[in-house]
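Now for the letters of each chain:
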Amino acid sequence: MQRFTEIEQNRILLTLWEYSLNGLIIGDRNGNIVKVNDALCQLLQYTAAELEGLHYRDITHKDDVNKDWDMAQRVLDDDYGLQKYTIKKRYQTKLDTIIWVSSTVNRVEDSHGNFLYFLGQVTPLNQQKEKDYLLEQKIDRYKYSKRYFWRTVKEWAAYIALALGSLGVILKEYFN
């Protein structure tokens, strides 16, 4: 197996950071954003200078903040034994659009096992989530229209029965 020198390892990691198609984010134990790569900046429509120093809740959709924070706390808490977690969550871009992502967050430790940083890998899911949402909307409309259709049929059936009953009385009187 080939061993890389420390310089080669650093160059490989730097290349991965710079050219990754996924957004990468380094955060501290308090949820502050320390460093981001260009892919995350493009995804969220911020510059690195704008993102670095923000808190993760500043870019996370308000309905996903607690879920993400709870998982991060479990990674921090050695009792759980978690080294990473993956969640589907929403980010809010600088232009206030919502994007769905798969976020995998890893615990980065020093040589003694002490927590240093969170390393997040962010993969956009928008197209699939949007398709799922549209499908759910179509199913809901179908269910509603189906209920409405049968309710309308039942109402019309009652009117027809009433009309036929009245017609029967009229015809019976006419022919008698």
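The following paragraphs examine the structure supplied in this document. Keep in mind it's a predicted model, so treat the numbers as computed, not measured. (Residues numbered from 1 in each chain as written. Predicted model: local features only at pLDDT ≥ 70, side-chain atom pairs only at ≥ 80, totals over all residues. Heavy atoms only, no water.)

## Some details on the pairing of strand 2 (residues 33-36)
And then number 1: Direction of pairing for strand 1 (residues 23-27) relative to strand 2: antiparallel, over a ladder of three bridges. Following the sheet pairing, I25 is matched in strand 2 by V36.
And then number 2: Hairpin connection from strand 1 to strand 2: five residues lie between these consecutive antiparallel strands, with G31 at a positive phi of about 95 degrees. (Pairing = 2+ DSSP bridges. Helix = DSSP H or I, 4+ residues; strand = E, 2+ residues; numbered from the N terminus.)

## Topic: the layout of surface pockets
And then number 1: For the largest pocket, the calculated volume is near 240 Å³.
And then number 2: Contributing to the lining of the largest pocket are N10, L13, L14, L16, W17, S20, N22, L24, I26, L119 and Q121.
And then number 3: At the level of elements, helix 1 (6-19), strand 1 and strand 5 (115-124) are the ones that each hand at least two residues to the lining of the largest pocket.
And then number 4: Top element by residues in the lining of the largest pocket is helix 1. It accounts for five residues.
And then number 5: A class-by-class count of the residues in the lining of the largest pocket yields seven nonpolar, four polar and no charged. (1 Å grid on protein atoms, 1.4 Å probe; cavity = no way out; pocket = protein on both sides within 12 Å on 5 of 7 lines; lining within 4 Å. Points joined across faces, edges and corners; volume = space filled by probe spheres on them. Nonpolar A, V, L, I, M, F, W, Y, C, P; charged D, E, K, R; others polar.)

## Things to note about the environment of D38
And then number 1: Position of D38 among the secondary structure elements: in helix 2 (residues 38-44).
And then number 2: Under the relative-accessibility criterion, D38 is labelled exposed at 51%. (Buried < 20%, exposed > 50% of the residue type's maximum accessible area, 1.4 Å probe, protein only.)

## Quick look at a nonpolar patch on the surface
And then number 1: On the surface, a cluster of nonpolar side chains totalling about 280 Å² of accessible area is made up of V34, V108, L116 and Y117.
And then number 2: Positionally, V108 belongs in strand 4 (residues 98-109).
And then number 3: Classification of V108 by relative accessible area gives partly exposed; the value is 30%. (Patch = residues over 30% accessible without salt bridge, like charges linked within 9 Å, V, L, I, M, F, W, Y side chains within 5 Å. Areas by Shrake-Rupley, 256 points an atom, 1.4 Å probe, with all protein chains shown as cover. Salt bridge = Lys/Arg side-chain N within 4 Å of Asp/Glu carboxyl O.)

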